[in-house]
Amino acid sequence: MRRLFIIRKDLEMSAGKLSAQIGHCSEEYWMNLIRNSAEKNEDGTDTQITIRLNTDIIDEYINNNYVKTVCAAKNLNQLLKAKEKALELGLVEGVDFGLINDICLTELVAENEDGTCTTGIWFRPLPDETAHTISKKYQLYK
């Protein structure tokens, strides 16, 4: 299994900004799981989190070797093709994958109506074959 991240190359992000965007991609799957399962106790002082994961994710990803692949999209349109492919494969946005939108406080310029810029897409741990089906039209990010 592997985590696949696809990042836009046309934004010409600095090394630090690129690293931050990949960090967002890496965290977002786990953050969604935590947000969706968090329950506060009655007095609000503690939060309990119970996460259910597919056994394959535990056995083949968490207990194995954490394979990650970072690919480059030429531009937003090419990035969105990965989203289309994921949907064709039956993956669910916000659960199995999601777009990363930067809030443009540093080096990026807003492109979206909400004042953000779409920088990349993250995927949950996927079987290698599924990850390759999505990424086969993308080069490794260099």
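Our subject is the structure that appears above.
All of the points below concern the structure found in this document. (Residues numbered from 1 in each chain as written. Predicted model: local features only at pLDDT ≥ 70, side-chain atom pairs only at ≥ 80, totals over all residues. Heavy atoms only, no water.)

So, about the environment of aspartate 128. Among the secondary structure elements, aspartate 128 is positioned in helix 4 (residues 128-135). You can call aspartate 128 partly exposed: its relative accessible area is 33%. With 61 residues separating them in the primary sequence, aspartate 128 and valine 67 have C-alpha atoms 9.5 Å apart. Apart from residues lying up to four places away in sequence, aspartate 128 is in contact with Met1 and Arg2. (Helix = DSSP H or I, 4+ residues; strand = E, 2+ residues; numbered from the N terminus. Buried < 20%, exposed > 50% of the residue type's maximum accessible area, 1.4 Å probe, protein only. Contact = heavy atoms within 4.5 Å.)

What follows covers the pairing of strand 1 (residues 2-8). Among the 7 residues that make up strand 1, 7 are buried, leaving the element largely enclosed by the rest of the structure. Residues Arg2, Leu4, Ile6 and Arg8 line one face of strand 1 and the alternating positions Arg3, Phe5 and Ile7 line the opposite face, and both faces are buried. One ladder, built from 7 bridges, connects strand 1 with strand 4 (residues 67-73); its direction is parallel. Bridge pairing in strand 4 places isoleucine 6 opposite cysteine 71. (Pairing = 2+ DSSP bridges.)

Another aspect to go through is the sheet that holds strand 5 (residues 97-102). Pairing within the open sheet is mixed, and its 5 strands lie in the order 5-6-1-4-7. Every interior strand has two partners, whereas the edge strands, strand 5 and strand 7 (139-140), have only one. Here strand 5 pairs with strand 6 (residues 117-123) via 6 bridges, running antiparallel. Paired with asparagine 101 across the two strands is threonine 118, which belongs to strand 6.

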